[in-house]
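For reference, the chains in residue letters:
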Amino acid sequence: NAGVTQTPKFQVLKTGQSMTLQCAQDMNHNSMYWYRQDPGMGLRLIYYSASEGTTDKGEVPNGYNVSRLNKREFSLRLESAAPSQTSVYFCASSERLGGRTEAFFGQGTRLTVV
Amino acid sequence: LAKTTQPISMDSYEGQEVNITCSHNNIATNDYITWYQQFPSQGPRFIIQGYKTKVTNEVASLFIPADRKSSTLSLPRVSLSDTAVYYCLVGGFTGGGNKLTFGTGTQLKVEL
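Residues numbered from 1 in each chain as written. Chains lettered and ligands numbered in written order. Predicted model: local features only at pLDDT ≥ 70, side-chain atom pairs only at ≥ 80, totals over all residues. Heavy atoms only, no water.

> I'd like to hear about the sheet that holds strand β1 (residues 4–7) of chain A, residue by residue, with values.
All names here are of chain A. Ordered in space as β1-β3-β8-β7, the 4 strands form an open sheet in which the pairing is antiparallel. On the outer flanks of this sheet lie β1 and β7 (65–68), each paired with one strand and no other. Going across the sheet, the axis of each strand differs from the next one's by a mean of 15°, ignoring polarity. (Pairing = 2+ DSSP bridges. Helix = DSSP H or I, 4+ residues; strand = E, 2+ residues; numbered from the N terminus. Axes fitted to C-alpha atoms, helices over the stretch in contact; angles between N-to-C directions.)

Next up, the structure:
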């Protein structure tokens, strides 16, 4: 049981390049999320998907797009990377089970844009 | 969404009880209160969740007063390994998902 898996773990991009961050969960959760975390800061929600087929903007969606490919997978795309997007990106999934809702996080993708 | 306010940092010593309070004055009727822990270079990890009164599990207790405008995470007998950032989240949790929004968190430092 892998939980939430993110790929890649590290990435260096040049300004203007594009890339897609992949996220997959094997817990059959309905909800999935993408966050970014800048050094010394809290997590900021980029996009989330309450269920397969739906996506919604979070706090900082500008410069990003997402795709909920199926129930397992939720990808984050940077169309034209900028240095301000240098950050650690976390994917998470959640479900309400047994009277509580618990979010599970991936190990993060450390992205540097030069 | 209810906004939360926590202390930016706290210091403690091994073996002490640590209480971290979170203010959420505009909490809604269907909102739950959840606490997460984050170690450096890792994603947050669920600690505890509650709606009212007191909740206890194997690692922490959560105290919620009757007006639910604040909550207190209590960590008994902390150790060096409890040094981490602790986040308080408030939101309604349904089967359709929730917009999980994190605040700035509280950096807890435990020393010998």
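> Can you lay out the state of the cysteines for me, pointing to particular residues and giving the numbers?
Evaluated as defined, the whole model comprises 2 disulfides over all chains. A sulfur-sulfur distance of 1.9 Å marks the disulfide that ties cysteine 23 of chain A to cysteine 91 of chain A. Between cysteine 23 of chain A and cysteine 91 of chain A the disulfide shows an S-S torsion of about -75°. By sign, it is left-handed. Within this pair, whereas cysteine 23 of chain A is found in strand β3 (residues 19–25), its partner cysteine 91 of chain A is found in strand β9 (residues 87–97), the two being separated by 68 residues in sequence. For the pair cysteine 23 of chain A and cysteine 91 of chain A, a shared accessibility class is recorded, and that class is buried. Through a disulfide, cysteine 22 of chain B is tied to cysteine 88 of chain B; the S-S separation comes to 2.3 Å. One quick way to see it: the torsion about the S-S bond of cysteine 22 of chain B and cysteine 88 of chain B is about -80°, and its sign makes the bridge left-handed. On the criterion of sequence distance, the pair formed by cysteine 22 of chain B in strand β2 (residues 18–23) and cysteine 88 of chain B in strand β8 (residues 84–92) is long-range, its members being 66 residues apart. Note on cysteine 22 of chain B: relative accessible area 0%, which makes it buried. (Disulfide = S-S within 2.5 Å. Buried < 20%, exposed > 50% of the residue type's maximum accessible area, 1.4 Å probe, protein only.)

> Would you mind going over the side chain of aspartate 31 of chain B in detail, with residue names and values included?
All names here are of chain B. Relative to the assigned elements, aspartate 31 resides in strand β3 (residues 31–38). With no salt bridge to any partner, buried aspartate 31 finds its closest opposite charge in arginine 68, at an N-O distance of 5.9 Å. A distance of 2.9 Å separates a polar side-chain atom of aspartate 31 from the backbone nitrogen of alanine 28. (Lys, Arg positive; Asp, Glu negative; His and termini not counted. Salt bridge = Lys/Arg side-chain N within 4 Å of Asp/Glu carboxyl O. Polar contact = N/O pair within 3.5 Å; in protein donor to acceptor, adjacent residues only side chain to side chain.)

> Summarise the pairing of strand β11 (residues 109–113) of chain A; cite the residues concerned and give the values.
Residues and elements named next belong to chain A. Side chains Thr109, Leu111 and Val113 of β11 all project onto a buried face; the interleaved residues Arg110 and Thr112 project onto a face where none is buried. Bridge count between strand β2 (residues 10–13) and β11: 4 bridges; the pairing is parallel. Looking at β11, one finds that glutamine 11 is bridged to leucine 111. The pairing of β9 with β11 spans 3 bridges and is antiparallel. The residue of β11 that forms the bridge with tyrosine 89 is threonine 109.

> Hey, could you go over the sheet that holds strand β6 (residues 61–64) of chain B for me, with residue numbers and the actual values?
Residues and elements named next belong to chain B. Strands sit in the order β2-β7-β6-β5 across an open sheet of 4 strands; the sheet is antiparallel. Only two strands of the sheet have a single neighbouring strand rather than two, namely β2 and β5 (53–56). Each adjacent strand pair in this sheet contributes to an overall mean axis angle of 15°, direction not counted. Pairing analysis gives 4 bridges linking β5 to β6, with the strands arranged antiparallel.

Geometric values such as these leave the question of function open.
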